Amino acid sequence: MLAPVLVGVSIFCFLLIRVLPGDPVLAIVPETATPEDIERTRARYGLDRPLPEQYGAYMAGVIRGDFGDSIRTGRPVVEQIGERLPRTLELVALGFLLSLGASIVLGLFAALHAGRLGDHVSRVTALVANSLPEFWLGLVLILVFFAILDIAPGPTGRIATGIDYEIITGSLIVDSIFTGNPRALVSALHHLVLPVLTLAVIVVAPMMRSVRASALEVMRSDSYRCALAHGLGAKTLLFGYVLRETMVRVPVLAALVLGNLIGGSVLVETVFSWQGFGQWALRGLLLRDYPVIQAYVLVTASFYVVAFLVADIVQAALDPRIRV
């Protein structure tokens, strides 16, 4: 089902952005351009052709790995994706791993202390964190840890100025390790702390609630009570049974959260001047840059469907009932 989903997304996005108000050609031609100049520019980007022909040409290019050229900059879109996407993936991957680990720990803690003070505190804390807007939380963290405490770098990008580094994959952490550049690695990690923390805090609540609910269901089951009655220790049951059974529900929700992070990191990137994939797409949307918008939607949709495919495989590996 991956291919039909992506084709459907591409058709929907292709048609939707063309009914939005605004003409991308008028944004790049000078004010003194004549109607003939405008038509020539429109023909240059193939916008004068019928919509089915435009879509066919676009998909033929996508199959070849060509997303077209940006209307605003004239650069190949695939080059800009190669520059911007690793920055976002580095940020999202660390935020996702941090939120996943925190949600498992907090969820199990809340389940083990269900109905008691620790349970109520963890649930309320997660609910409050989930209610905070990303941009507001990011600004508060900058104010506290940079402006007041001066222990975190300012929102000036991904690495401190004056540090030389070599770009290989686009991820500063990976590139610094590959090139043996500890100074760049430390600076990159330092700049990642606040944006990663912002992303993790925002998304930890739904996964924490899912882990808590799953753990409580397992702990209230007849099999768990039978094992407890036969003298198996609580620690053995926790790590040998409860944790394993609880993880069955986590992959699908984790895939949803990961997709949301990739598609919704634009506010965090803007606050911290990250210059990532989402910020690039937002600029393309404001300028009605059709190739940029289409590429962003298609790449994001691809991450979604691949994430859910991996989640289904992991869930089947954790739960034999699904394979049956």
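Residues numbered from 1 in each chain as written. Predicted model: local features only at pLDDT ≥ 70, side-chain atom pairs only at ≥ 80, totals over all residues. Heavy atoms only, no water.

K.L.:
Talk me through empty space enclosed by the protein; I want residue IDs and the actual numbers.
P.N.:
Enumeration over the complete set of coordinates arrives at two cavities of 30 Å³ or more. In this structure, the largest cavity spans a volume of roughly 60 Å³. For the lining of the largest cavity, the class distribution of residues is six nonpolar, five polar and no charged. When its volume is computed, the second largest cavity comes out at roughly 40 Å³. Lining the second largest cavity are Val9, Ser10, Cys13, Phe14, Tyr58, Gln294, Val297 and Leu298. Ranked by residues supplied to the lining of the second largest cavity, first place goes to helix H1 (residues 2-18) with four residues. Residue classes in the lining of the second largest cavity are distributed as six nonpolar, two polar and no charged. (1 Å grid on protein atoms, 1.4 Å probe; cavity = no way out; pocket = protein on both sides within 12 Å on 5 of 7 lines; lining within 4 Å. Points joined across faces, edges and corners; volume = space filled by probe spheres on them. Nonpolar A, V, L, I, M, F, W, Y, C, P; charged D, E, K, R; others polar. Helix = DSSP H or I, 4+ residues; strand = E, 2+ residues; numbered from the N terminus.)

K.L.:
Pulling in residues and values, what's your account of the nonpolar core?
P.N.:
Counting residues in each nonpolar core, the largest one holds 39 residues, and the members touching the most others are Leu91, Leu108, Val242, Leu261 and Phe272. In terms of residue count, helix H8 (residues 182-219) provides more of this core than any other element does, 12 residues in total. In this structure Leu108 touches Val211, Ala215, Leu238, Val242, Leu243 and Thr246, once residues within four positions along its chain are discounted. Among the nonpolar cores identified, the runner-up in size contains 17 residues, and Leu85, Phe277, Val292 and Val299 belong to it. (Core = buried A, V, L, I, M, F, W, Y, C linked by side-chain atoms within 4.5 Å. Buried < 20%, exposed > 50% of the residue type's maximum accessible area, 1.4 Å probe, protein only. Contact = heavy atoms within 4.5 Å.)

K.L.:
Break down the side chain of Ser70 for me, citing the residues and quoting the values.
P.N.:
Relative to the elements of secondary structure, Ser70 occurs in the loop between helix H3 (51-63) and helix H4 (77-112). Within the local environment of Ser70, its side chain forms a polar contact with the backbone nitrogen of Arg72, the two atoms lying 3.3 Å apart. What Ser70 contacts, discounting residues up to four positions off in sequence, is Tyr45, Arg75, Val77, Gln80, Asp289 and Val292. (Polar contact = N/O pair within 3.5 Å; in protein donor to acceptor, adjacent residues only side chain to side chain.)

K.L.:
I'd love a proper account of the packing of H4 against helix H11 (residues 250-264), names of residues and values included.
P.N.:
Interhelical geometry of H4 versus H11 gives an angle of 145° and a closest axis separation of 10 Å. Judged by the sense of rotation from one axis to the other, the crossing of H4 with H11 is right-handed. Facing H4, whose interface residues are Thr88, Leu89, Val92, Phe96 and Leu100, H11 presents Val250, Ala254, Val257, Leu258, Leu261 and Ile262. Here the contact of H4 with H11 is built from residues that sort into 10 nonpolar, one polar and no charged. (Axes fitted to C-alpha atoms, helices over the stretch in contact; angles between N-to-C directions. Left-handed = near helix turned anticlockwise from the far one by under 90°.)

K.L.:
Residues and numbers for the confidence of the model for the protein chain, please.
P.N.:
With 99% of its residues at a pLDDT of at least 70, the protein chain reaches an overall mean of 85. Within the protein chain, helix H6 (residues 134-148) carries the highest mean pLDDT (92), whereas helix H15 (residues 320-323) carries the lowest (70). (pLDDT = per-residue confidence, 0-100.)

K.L.:
Explain H1 to me, and be specific about the residues and the numbers.
P.N.:
The end-to-end C-alpha distance of H1, which contains 17 residues, comes to 25 Å, matching closely the 24 Å that a straight helix rising 1.5 Å per residue would cover. Structurally, H1 contributes buried residues whose contacts are with H3 and helix H14 (290-318). (Expected span 1.5 Å × (residues − 1).)

K.L.:
Summarise the pattern of salt bridges; cite the residues concerned and give the values.
P.N.:
Here the idea is simple: oppositely charged side chains can pair when their charged atoms come close. Per the stated rule, a full pass over the model turns up eight salt bridges. The closest approach of N and O atoms between Glu90 and Arg158, which form a salt bridge, is 3.4 Å. Residue Glu90 is found in helix H4, and its partner Arg158 is found in the loop between H6 and helix H7 (172-178); the two are separated by 68 residues along the sequence. Look at Glu90 and you get buried, because its relative accessible area is 8%. By relative accessible area, Arg158 is classed as buried at 12%. (Salt bridge = Lys/Arg side-chain N within 4 Å of Asp/Glu carboxyl O.)

K.L.:
Give a description of the layout of surface pockets that names residues and reports values.
P.N.:
Within this model, the largest pocket holds a volume of roughly 420 Å³. A total of four residues in the lining of the largest pocket trace back to one element, the largest contributor, which is H3. Partitioned by chemical class, the residues of the lining of the largest pocket number nine nonpolar, six polar and six charged.

K.L.:
Tell me what's going on with the packing of H1 against H3, and back it up with residues and numbers.
P.N.:
Packing of H1 against H3 brings their axes to within 11 Å, and their N-to-C directions diverge by 130°. In terms of their interaxial angle, H1 and H3 are classed as oblique. You can see that H1 and H3 cross each other, and the crossing is right-handed. Where H1 abuts H3, its residues Val7, Ser10, Ile11, Phe14, Leu15 and Arg18 lie against Leu51, Gln54, Tyr55 and Met59. (Parallel < 35°, antiparallel > 145°, perpendicular 65-115°, else oblique.)

K.L.:
Tell me about the environment of Arg49, and name the residues and values.
P.N.:
Within the fold, Arg49 resides in the loop between helix H2 (35-44) and H3. Residue Arg49 is classed as partly exposed on the basis of its relative accessible area of 34%. Distance in space between the C-alpha atoms of Arg49 and Ser210 is 50 Å, their sequence separation being 161 residues. Once you skip the residues sitting within four places of it in the chain, Arg49 turns out to touch Gln54 and Ala57.

K.L.:
I'd like a rundown of the packing of aromatic side chains, residues and numbers included.
P.N.:
Scanning the entire structure with this criterion turns up three aromatic pairs. Taken together, the ring pairs connect Phe277, Trp280 and Tyr296 into an aromatic cluster. It is Arg18 that lies over the ring of Phe14; its NZ or CZ is 3.7 Å from the centre. (Phe/Tyr/Trp six-rings, centres within 6.5 Å; stacked < 30°, edge-to-face > 60°. Lys NZ or Arg CZ within 6 Å of the ring centre and 35° of its normal.)

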